[in-house]
Amino acid sequence: MTTLQNDTFLRALLRQPTEYTPVWMMRQAGRYLPEYRESRKTAGSFMQLCQSPAFATEVTLQPLDRYPQLDAAILFSDILTVPDAMGLGLYFEEGEGPKFERTLQEESDILKLEVPDMAKLQYVFDAVSSIRKALNGRVPLIGFSGSPWTLATYMVEGKGGTDFLTTKKMGYARPELLHRILDITAQTVTQYLNAQIAAGAQAVMIFDSWGGALSHDAYTEFSLNYMQKIVSGLTKTAEGKTVPSIVFTKGGGLWLEAQAAIGADALGLDWTVDLGQARQRVGNKVALQGNMDPAILLSSPAAIEKEVARILASYGNGHGHIFNLGHGITQWTPPEHAACMLETLRKLSPTYHQSLRAC
């Protein structure tokens, strides 16, 4: 593989010295970019974008071409490719988001659930290989998956954006059924992420988008424990380099210490968490990624600059911080506002690394 020209993101994940605070944006290839909207129109649908390695490569590189300050690319795909490969029939309804033709609510269906043949996800691995080739060492490539709990909510409810009552009811009334779903899904995600690494992903991230909906004990039982199983089963080195892992629970600020103990290299933080306090709580166990509220990018350049400065000051001097949004960038973000954030970060962040460059 081509030598990396910019490994700042990977070094930050491993809490090694960097010259500035690296950055990427969750959902950085998305509907806020006019070039993405044009590609999606040409492809015909979101899933056709995901399932075409050529289109996935094209849209993955679009934000990098627009914003030279970005320090990583992230695979263009969707977390729901996994339950789709498990036979649940993913489809998208315009204006309503993803849905599944079949759900896992009956015991008989749950007992039939199996780890799918990874060949069903070959289009994802082909996209990873294609993107790595197209990047040509420009920046590292991040692979990803949803967490077992988050995927299970879609698999049981049949859609996203719910109150998760059917899934929670199962967890309380028939926990053995929910644990079966979570166990099979964790095995699948482990194989899925390792196949992405084998195809060329240089870091991987687990998105626990709905973990914050759980109670304190239920979070540990139904979400964190399964992410720990995945992290312990991940390929740790590839191409002679460490492959760092990131876990991110939206709404998970209550459990940072527990998250830091599962073996991942970094924790993603949403905007409800104070970055400086989070750093004090986890110490030097993990790097921290985050955590600007995406809504700020809808405001004004002055407000954006102020918030970038505040977040950098909150983390303070030292390494191990990857700047990011606290969740995905919204489709209504003016592209020039994202540019303002990135330019401000690149201007201000070196100050927080200068005295430690020789460390």
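Calculation notes
Residues numbered from 1 in each chain as written. Predicted model: local features only at pLDDT ≥ 70, side-chain atom pairs only at ≥ 80, totals over all residues. Heavy atoms only, no water. Helix = DSSP H or I, 4+ residues; strand = E, 2+ residues; numbered from the N terminus. Rg over C-alpha atoms; globule rule 2.2 N^0.38 Å. Contact = heavy atoms within 4.5 Å. Areas by Shrake-Rupley, 256 points an atom, 1.4 Å probe, with all protein chains shown as cover. Lys, Arg positive; Asp, Glu negative; His and termini not counted. Charge placed at Lys NZ, Arg CZ, Asp CG, Glu CD. Pairing = 2+ DSSP bridges. Salt bridge = Lys/Arg side-chain N within 4 Å of Asp/Glu carboxyl O. Buried < 20%, exposed > 50% of the residue type's maximum accessible area, 1.4 Å probe, protein only. Axes fitted to C-alpha atoms, helices over the stretch in contact; angles between N-to-C directions. Nonpolar A, V, L, I, M, F, W, Y, C, P; charged D, E, K, R; others polar. Parallel < 35°, antiparallel > 145°, perpendicular 65-115°, else oblique. Core = buried A, V, L, I, M, F, W, Y, C linked by side-chain atoms within 4.5 Å. Phe/Tyr/Trp six-rings, centres within 6.5 Å; stacked < 30°, edge-to-face > 60°. Lys NZ or Arg CZ within 6 Å of the ring centre and 35° of its normal.

1. Quick notes on the overall build of the protein chain
Point 1. Within the protein chain, the regular secondary structure consists of 15 helices and 11 strands.
Point 2. Taken against the 2.2 N^0.38 rule, which gives 21 Å for 359 residues, the C-alpha radius of gyration of the protein chain at 19 Å falls within 12% of a compact globule.
Point 3. Along the first, second and third principal axes, the C-alpha atoms of the protein chain reach 60 × 45 × 45 Å.
Point 4. Nonlocal contacts in the protein chain, meaning residues at least 24 apart in sequence, comprise 73% of its contacts between residues at least 6 apart.
Point 5. Of the roughly 14400 Å² that the protein chain leaves accessible, carbon and sulfur atoms contribute 49%.
Point 6. Each charge class in the protein chain was averaged separately, 32 positive and 36 negative side chains, and the resulting centres sit 4 Å apart.

2. What about the sheet that holds strand 4 (residues 141–146)?
Point 1. Judged by pairing direction, the sheet is parallel, and its 7 strands sit side by side in the order 1-4-5-8-9-10-11 without closing on themselves. Across the chains shown, the open sheet's two edge strands, defined by having one partner strand only, are strand 1 (73–74) and strand 11 (321–322).
Point 2. Pairing between strand 4 and strand 5 (residues 203–208): 5 bridges, direction parallel. Bridge pairing in strand 5 links Gly 146 to Phe 207.

3. What to know about the pattern of salt bridges
Point 1. One pass over the structure, following the stated rule, counts 11 salt bridges.
Point 2. Linking Arg 346 and Asp 71 is a salt bridge whose minimum nitrogen-to-oxygen distance equals 3.5 Å. Highlighted residues: Arg 346 in helix 15 (residues 335–348) and Asp 71 in the loop between helix 4 (53–66) and strand 1, separated in sequence by 275 residues.
Point 3. Of the residues examined, Arg 346 reaches a relative accessible area of 30% and is grouped as partly exposed.
Point 4. Classification of Asp 71 by relative accessible area gives buried; the value is 1%.
Point 5. Arg 281 is paired through a salt bridge with Glu 257; the nearest N and O atoms lie 2.8 Å apart. On the criterion of sequence distance, the pair formed by Arg 281 in helix 13 (residues 275–282) and Glu 257 in helix 12 (residues 256–260) is long-range, its members being 24 residues apart.
Point 6. The class of Arg 281 is partly exposed, set by a relative accessible area of 35%.

4. Re the packing of helix 9 (residues 165–173) against helix 10 (residues 175–199)
Point 1. Where helix 9 meets helix 10, the axes come as close as 5 Å, and the angle between the chain directions of the two elements is 115°. Residue-level inspection shows Thr 167, Met 170, Gly 171, Tyr 172 and Ala 173 of helix 9 in contact with helix 10, the latter providing Pro 175, Leu 177, Leu 178 and Ile 181.
Point 2. Broken down by class, the residue content of the contact of helix 9 with helix 10 amounts to 7 nonpolar, 2 polar and no charged.

5. A closer look at the pairing of strand 8 (residues 245–249)
Point 1. With 5 of its 5 residues buried, strand 8 lies for the most part within the structure.
Point 2. A two-sided burial pattern is seen for strand 8, the buried positions comprising Ser 245, Val 247 and Thr 249 on one face and Ile 246 and Phe 248 on the other.
Point 3. The sheet contact formed by strand 5 and strand 8 spans 5 bridges and is parallel. Paired with Val 204 across the strands is Ser 245, a residue of strand 8.
Point 4. Two strands pair when backbone bridges link them, and strand 8 and strand 9 (residues 266–268) are joined in this way by 3 bridges, in the parallel orientation. Within the sheet, the bridge partner assigned to Phe 248 lies in strand 9 and is Gly 268.

6. Examining the environment of Leu 121
Point 1. Topologically, Leu 121 is positioned in the loop between helix 6 (107–112) and helix 7 (122–135).
Point 2. When the C-alpha positions of Leu 121 and Ala 195 are compared, they lie 9.5 Å apart, and in sequence the two are 74 residues distant.
Point 3. With residues up to four places along the chain from it excluded, the contact list for Leu 121 reads Thr 81, Ala 85 and Tyr 192.

7. A word on the packing of helix 8 (residues 148–157) against helix 9
Packed helices, taken two at a time, are described by the angle their axes make and the gap between the axes.
Point 1. Direction vectors running N to C along helix 8 and helix 9 enclose 110°, while the axes themselves pass 8 Å from each other. One way to sum up the angle between helix 8 and helix 9 is to call them roughly perpendicular. Of the residues in helix 9, those in contact with Trp 149, Ala 152, Thr 153, Val 156 and Glu 157 of helix 8 are Leu 165, Thr 166, Thr 167, Lys 168 and Met 170.

8. Digging into the nonpolar core
Point 1. Grouped together as the largest cluster of nonpolar side chains are 125 residues, with contacts concentrated most on Phe 9, Trp 24, Met 25, Met 292 and Met 341.
Point 2. Tallying contributions element by element places helix 10 first for this core, with 12 residues.
Point 3. Discounting chain neighbours no more than four positions away, the residues touching Met 25 are Tyr 32, Tyr 67, Leu 70, Asn 324, Leu 325, Ile 329, Ala 338, Met 341 and Leu 342.

9. Thoughts on the packing of aromatic side chains
Between two aromatic rings, the relevant description is the distance of the centres plus the angle of the planes.
Point 1. The tally for this structure, following the rule as stated, stands at 8 aromatic pairs.
Point 2. Relative to Phe 207, the ring of Phe 144 lies with its centre 5.7 Å away and its plane at 85°, an arrangement referred to as edge-to-face. Residue Phe 144 is located in strand 4, and its partner Phe 207 is located in strand 5; the two are separated by 63 residues in the primary sequence. Accessibility assignment for this pair places Phe 144 and Phe 207 in one class, buried.
Point 3. Within the aromatic cluster, the residues linked to one another by ring pairs are Tyr 36, Phe 46, Phe 76 and Phe 92.
Point 4. Here the basic side chain of Arg 279 rests over the ring of Tyr 315, its NZ or CZ set 4.1 Å away from the ring centre.

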